[in-house]
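Architecture at a glance
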Amino acid sequence: MQANGLNERTNLLVEEYSTSGRLDNITQVMSLHTQYLESFLRSQFYMLRMDGPLPLPYRHYIAIMAAARHQCSYLVNMHVDEFLKTGGIAEWLNGLEYIPQRLKNLNEINKLLAHRPWLITKEHIQKLVKTGENNWSLPELVHAVVLLAHYHALASFVFGSGINPERDPDTSNGFRLIAVNKFCVCDLANDNNIENASLTSSNFGIADSLSELEALMERMKRLQEEKEEEEASQEEMATRFEKEKKESLLVVTGAFDDEMVSTSDVSRYIEDPGFGYKDFARRGEEHLPTFRAQDYTWENHGFSLVNRLYSDIGHLLDEKFRMVYNLTYNTMATHEDVDTTMLRRALFNYVHCMFGIRYDDYDYGEVNQLLERSLKVYIKTVTCYPERTTKRMYDSYWRQFKHSEKVHVNLLLMEARMQAELLYALRAITRHLT
Ligand SMILES: CC(C)C[C@H](N)C(=O)O
């Protein structure tokens with residue numbers, strides 16, 4: 001890393017250390033992307049610690065409920081500590097039966113938001129805001145929704161980057177208890193080249209993965225040229241989206257490892273643990289409806305609503321979304337000066353596609369050409385079933401790329417997911433209001 005970048009990174013880490021008294025592994029891994037880290041920390045600090053509609057312990061309890069939907073013990077434990085530190089009632093940590101009804105009422109929206117946000121309707125919102133003494137005010141509800149979406153998405157980042165719990169010398173078994181997917185966070189933070197590690201465990205040689213990279217760059221170039229030549233018709237574009245959406249449902253992610261559930265003690269914070277992202281294709285009775293992005297965009301609708309009800313969070317989130325969307329170093333593994341816009345768009349839009357969100361000016365044929373199968377498996381797992389992510393999945397795509405680039409991928413997935421959840425929830429709130 002260049003001296004400049006390194007300085008910036010160090011400064012930011014020092015600053016974070018002095019404000020929060022710790023440097024967790026999330027921060028360390030994210031510090032590979034300092035600019036992003038800054039806006040991430042700013043918005044997180046705001047929603048957790050600054051003036052806002054919800055009392056502090058509530059915020060941490062909501063973070064716990066959100067992270068528990070994905071059995072993310074790492075985040076759960078972190079916020080259990082914070083919950084107690086901010087004066088939360090210890091009894092609540094026994095599980096959902098011990099919390100006030102009002103908080104319990106968030107279960108349903110937590111569950112839908114995490115796994116099938118398209119099912120959220122204005123009726124869900126109505127129920128929450130009109131239940132007599134247990135009602136939520138709209139600002140409180142928006143604060144809660146932002147926290148839920150943030151922590152669902154962060155769980156994706158944690159599993160996607162293989163972040164392990166920090167070792168705590170005081171609790172001898174605290175570490176073992178929650179080690180789930182055994183990545184080495186130190187490797188990530190140092191951005192060692194993954195070449196050696198991943199190649200020995202796979203059947204491919206360096207030559208194959210090199211030509212994989214060349215082929216990808218070739219496809220990007222060709223798509224760029226084609227784009228300048230002809231434009232597909234509206235119908236053709238719509239068909240391509242539907243095709244990609246349908247196919248995404250067929251992408252098979254790792255089988256569920258039961259061991260993981262039984263070793264996790266976080267299930268007491270959730271209801272209906274079996275509820276997950278729907279494998280529509282197999283069941284067939286429900287389909288994933290299409291959300292036309294231009295009818296309800298973050299920029300024109302979501303942003304102003306969220307900002308009005310919970311002031312300034314809109315700006316912070318907006319800055320973060322823009323940051324991640326535009327983040328680039330113009331590199332592709334060892335190549336420099338490459339315009340990677342197309343590839344980064346494909347990643348972001350593919351996540352939205354899995355949530356049924358369609359941009360009618362985007363050609364989903366690009367997703368199909370740029371994202372290979374193993375990458376799609378990784379994306380779907382990290383976004384929809386993060387707890388199932390394995391190191392093998394992480395290693396199996398883009399074998400020439402650096403760790404920092406795979407962390408970059410994770411940032412895109414995380415933010416796209418957060419935005420998708422927010423869009424559905426905010427649309428329901430708007431409908432409730434009109
Ligand atoms: C996710 C990666 C393909 C991003 C790329 N390294 C860039 O700087 O744009």
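Scroll up to find the structure this text is about.
This report concerns the structure included in the present document. Here the structure is a predicted model, which means the values were calculated and not measured. (Residues numbered from 1 in each chain as written. Predicted model: local features only at pLDDT ≥ 70, side-chain atom pairs only at ≥ 80, totals over all residues. Heavy atoms only, no water.)

1. Regarding the packing of helix H19 (residues 341-354) against helix H23 (residues 403-433)
Running from N to C, H19 and H23 cross one another at 40°; their axes reach a closest spacing of 9 Å. Judged by the twist between their axes, the crossing of H19 over H23 is right-handed. Residues Arg-344, Leu-347, Phe-348, Val-351 and His-352 of H19 touch H23, and the partners they reach there are His-408, Val-409, Leu-412, Leu-413, Glu-415, Ala-416, Arg-417, Gln-419, Ala-420 and Leu-423. Here the residues of the contact of H19 with H23 are counted per class, giving 9 nonpolar, 3 polar and 3 charged. (Axes fitted to C-alpha atoms, helices over the stretch in contact; angles between N-to-C directions. Helix = DSSP H or I, 4+ residues; strand = E, 2+ residues; numbered from the N terminus. Left-handed = near helix turned anticlockwise from the far one by under 90°. Contact = heavy atoms within 4.5 Å. Nonpolar A, V, L, I, M, F, W, Y, C, P; charged D, E, K, R; others polar.)

2. Some points on the environment of Gly-88
In this structure, Gly-88 sits in the loop between helix H5 (73-85) and helix H6 (101-104). C-alpha of Gly-88 to C-alpha of Thr-383: the two residues are 295 residues apart in sequence and 30 Å apart in space. Beyond its immediate sequence surroundings of up to four residues, Gly-88 is in contact with Pro-57 and Phe-83.

3. Overview of helix H14 (residues 234-250)
For H14, built from 17 residues, the straight-helix expectation of 24 Å at 1.5 Å per residue is met to within 8% by its first-to-last C-alpha distance of 25 Å. By the burial criterion, the buried members of H14 are Met-237, Phe-241, Glu-244, Lys-245, Ser-248 and Leu-249. What you see down the axis of H14 is that its buried residues fit within an arc of 140°, all on one side. Across H14 from its buried face, at more than 90 degrees, point the exposed residues Glu-235, Lys-246 and Leu-250. (Expected span 1.5 Å × (residues − 1). Buried < 20%, exposed > 50% of the residue type's maximum accessible area, 1.4 Å probe, protein only. Arc of directions from axis to C-beta.)

4. Observations regarding the state of the cysteines
Within the structure shown, the criterion is met by 0 disulfides. Lacking any disulfide linkage, Cys-72 is separated from the closest cysteine sulfur, that of Cys-384, by 16 Å. With no disulfide of its own, Cys-384 lies 11 Å from the sulfur of Cys-353, the closest cysteine sulfur. Overall, the relative accessible area of 3% leaves Cys-384 in the buried class. (Disulfide = S-S within 2.5 Å.)

5. Some words on the site of the ligand
Near the ligand the following residues occur: Thr-328, Tyr-329, Asn-330, Thr-331, Thr-340, Leu-343, Arg-344, Trp-398, Glu-405, His-408 and Val-409. Side-chain polar atom of Thr-340 to an oxygen atom of the ligand: 2.5 Å apart, as the coordinates give it. A total of 290 Å² of accessible area belongs to the ligand in isolation, and the protein chains cover 100% of it. Secondary-structure elements contributing two or more residues to the shell around the ligand are H19 and H23. A total of 3 residues in the shell around the ligand trace back to one element, the largest contributor, which is H23. Across the shell around the ligand, the residue classes break down as 4 nonpolar, 5 polar and 2 charged. (Near = heavy atom within 4 Å. Polar contact = N/O pair within 3.5 Å; in protein donor to acceptor, adjacent residues only side chain to side chain. Areas by Shrake-Rupley, 256 points an atom, 1.4 Å probe, with all protein chains shown as cover.)

6. Structural notes on the environment of Glu-225
Relative to the assigned elements, Glu-225 resides in helix H13 (residues 206-229). Taking the C-alpha atoms as reference, Glu-225 lies 40 Å from Gly-276; in sequence the two are 51 residues apart.

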